[in-house]
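Reading the structure
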Amino acid sequence: MRPHIPRLAVAVLLSTLAAVSAAQAQHHGHKIDRVAKTPACSEPTLKCASTVTPAFGPDGTLWVAFAAAQRVLVARSRDGGRNFEPAVEVTPGPQQLDWGPDSRPKIVVDAKGRITVAYATFKDKAFNGQVFVSHAQEGHTFTPPRPITENNESQRFEALGLDPEGRLFAAWLDKRNRPAARARGESYAGAALAYTWLSETAPAESSVALALDNTCECCRLGLAFAGPGKPVLMFRNIFQGSIRDHAILAFASPTTMQPLIRVSDDGWKTDACPHHGPQLAISEAGTYHAVWFTNGSNRQGLFYARAAGGEGFSPPLALGRPDKAPARPAVLAHKSRVFLAWKEFDGHNSLLFVKRSADDGQTWSAPAEVARTQGDNDHPLFVANGAHVFISWKSQGPEGYRLIELDQLP
């Protein structure tokens, strides 16, 4: 929720061994930090989308929520992403959509085919945001978007998910405690981690609560579920001394939290905004699988760690080549299988890599390149349809939108 600071923003993307390559990645192959702000085309179509988020419906239909021409739209494909029907607009015309590198529309589809979309807008030039939610049945007309909270401070970086019983959960970064701190003459660090169990009929504010205050204010949240009514959030926390390392907050019940768990002691001391958040997945056996980026004093780059039963994370495993500016990690767990993905930049192309584990993250395959592009491109995202695992990747190059089934790869 702070503005970009060019010197520090570039530093966020520096790898340990190749600052020059990483800086080139920000301005060339990845282009992730400016693609949403300055898209290559300005039509409200999937072709012009800067960010695309996928979800499968109960009948196997692929739904995508995307941002294009300052609008949020939803489209569906009945043939695995090869062709899409005309998109339906969620927003009431052009909006000042949050164009931050970690921002995107979110979409979930429940067992009855009901679609929920969440997105954020900027309210002012100070990067204060507002999160909106809209619903539709089978992708027809969406309800008028309503704010996720009645509070008028700032909300950004929403996460949306369905627990194993189909209950709709949302979390976001919220600055509602900032005015009171200022009134007391105190500084206010970061933002609070807010959440609610969403209902289409009940006012959202009736269940909005704060899980934790003073977390890092400008990174996406990782969300998974350890069971019905038990969300687990991964986020960049502000530890003592302005150390911005990652933490896990697991719910013991829909409204009570367990003690905070630190994922890794990276030692990233900064008062800047990394804009490079984590992801989290939980396997059938209850193992937590975490991926993140850090530029700390103890380690730099992309990393993975696992915690059996959510207790005690393993030593971090580095992902990607440090001289190729690895960025934007993703993770998915399906029964005992785990998939990791990230991007690298070779000076001309953004390359998408995947690693696999068949034993719940204990051993891993070698990295395999699954796609590449020279165009501006979105972050890679995993999505599953039954036992089939896919990776979703949008490029503004000639490749366009791709949904790659990983089971078909060597």
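Residues numbered from 1 in each chain as written. Predicted model: local features only at pLDDT ≥ 70, side-chain atom pairs only at ≥ 80, totals over all residues. Heavy atoms only, no water.

Topic: the pairing of strand β26 (residues 381-385)
Test applied: For two strands to be treated as a pair, DSSP must find no fewer than two bridges joining them. Runs of E in the DSSP output that reach at least two residues are strands. Runs of H or I that reach at least four are helices, and both are numbered from the N terminus.
Alignment of β26 against strand β27 (residues 388-394), held across five bridges, turns out to be antiparallel. Directly across from A384, in β27, lies its bridge partner V389. Hairpin geometry of β26 and β27 is characterised by an intervening segment of two residues between the two adjacent antiparallel strands and by a positive phi of about 65° at G386.

Structural notes on the side chain of T149
Basically, it comes down to this: In this scheme, a residue with accessible area under 20% of its type's maximum is buried, one over 50% is exposed, and one in between is partly exposed, where area comes from a 1.4 Å probe on protein chains only. Each polar contact in these results corresponds to two N or O atoms within 3.5 Å; when the atoms are within protein, one needs to be able to donate a hydrogen and the other to accept it, and residues that are neighboring in sequence are counted only if both atoms are side-chain atoms.
Positionally, T149 belongs in the loop between β8 (146-147) and β9 (155-162). Taking the relative accessible area as the measure of exposure, T149 reaches 3% and is therefore buried. At 3.2 Å, the side chain of T149 and the backbone nitrogen of N151 are in polar contact.

Overview of the state of the cysteines
Condition: Disulfides are defined as cysteine sulfur pairs within 2.5 Å.
With the rule as written, the count across this model stands at two disulfides. Each disulfide pairs two cysteine sulfurs, and for C218 the partner residue is C273, the sulfurs being separated by 2.3 Å. Looking down the S-S bond of the C218 and C273 bridge, the torsion is -110°, so its handedness is left-handed. Here C273 lies in the loop between β17 (261-262) and β18 (279-282) and C218 lies in the loop between β12 (209-215) and β13 (222-225), a separation of 55 residues in the sequence. Here C218 and C273 have matching classes, each one buried. Sequence-ordered numbering of the bonded cysteines in the chain gives a pairing of 1-2, 3-4. Cysteine C216 remains unbridged, with the sulfur of C218 as its closest cysteine sulfur at 4.3 Å. The class for C216 is buried, based on a relative accessible area of 2%. Left without a disulfide partner, C219 is nearest to the cysteine sulfur of C216, which lies 4.6 Å away. According to the relative accessible area criterion, C219 is buried, its value standing at 3%.

Quick notes on the confidence of the model for the chain
Our working definition: How sure the predictor is of each residue is captured by pLDDT, a score from 0 to 100. Contacts were defined at the residue level, with two residues in contact if any of their heavy atoms lie within 4.5 Å.
When the pLDDT values of the chain are averaged, the result is 89; 88% of them are 70 or greater. Taken as a whole, residues 1-39 scores under 50 in pLDDT and shows 95 contacts with residues more than four places along the chain or in a different chain.

So, the sheet that holds strand β25 (residues 368-373)
Strand pairing in a sheet takes place through backbone hydrogen bonds and is either antiparallel or parallel in direction. Definition in use: Only C-alpha atoms enter the line fits that serve as axes; for helices the fit covers just the stretch in contact. Angles between N-to-C directions range over 0 to 180 degrees.
Judged by pairing direction, the sheet is antiparallel, and its four strands sit side by side in the order β22-β23-β24-β25 without closing on themselves. The open sheet is flanked by β22 (327-334) and β25, the only strands paired with a single partner. Adjacent strand axes in the sheet meet at a mean angle of 20°, parallel and antiparallel pairs treated alike. As paired strands, β22 and strand β23 (residues 337-345) are joined by six bridges and run antiparallel to one another. Bridge pairing in β23 places A333 opposite V338.

A look at the pairing of strand β5 (residues 106-109)
On a regular strand, one side chain projects to one face of the sheet and the next to the other, so that they alternate. A two-sided burial pattern is seen for β5, the buried positions comprising K106 and V108 on one face and I107 and V109 on the other. Of the strand pairs in this sheet, β5 and strand β6 (residues 114-122) are connected by four bridges, and their pairing is antiparallel. When the bridges of β6 are listed, I107 appears paired with V117. Adjacent in sequence and paired antiparallel, β5 and β6 are bridged by four residues, among which G113 carries a positive phi angle near 85°.

Comments concerning the sheet that holds β9
The four strands are arranged β9-β10-β11-β12 in an open sheet whose pairing can be described as antiparallel. At either margin of the open sheet sits one strand with a lone partner, and together these are β9 and β12. On average, each strand axis in the sheet is tilted by 20° relative to the strand beside it, whichever way the strands run.

Brief notes about the pattern of salt bridges
Our working definition: Only one rule defines a salt bridge in this text: a Lys or Arg side-chain nitrogen within 4 Å of an Asp or Glu carboxyl oxygen.
The tally for this structure, following the rule as stated, stands at 17 salt bridges. R71 serves as the salt-bridge partner of E89, at 3.3 Å between the closest nitrogen and oxygen. Note that E89 is positioned in strand β4 (residues 88-89) and R71 in strand β3 (residues 71-77), a separation of 18 residues in sequence. In this structure, E85 and R76 form a salt bridge, with 2.8 Å as the shortest nitrogen-oxygen distance. Take E85: its relative accessible area is 31%, and that puts it in the partly exposed class. The exposure class assigned to R76 is buried, which follows from its relative accessible area of 15%.

Considerations on the nonpolar core
Using the following cut-off: Take the buried residues of types Ala, Val, Leu, Ile, Met, Phe, Trp, Tyr and Cys, join any two whose side-chain atoms come within 4.5 Å, and each joined set is a nonpolar core.
One finds F169, L193, Y195, L221, L233 and F235 to be the most contacted residues of the largest nonpolar core, which totals 24 residues. Looking at this core, the elements that each hand over two or more residues are β9, β10 (168-174), β11 (191-198), β13, β14 (231-236) and β15 (246-253). With four residues, β11 is the single largest residue contributor to this core. Apart from the residues lying within four places of it in its own chain, the contact partners of F169 are A159, L160, G161, Y195, T196, W197, L223, F225, P231, L233 and F251.

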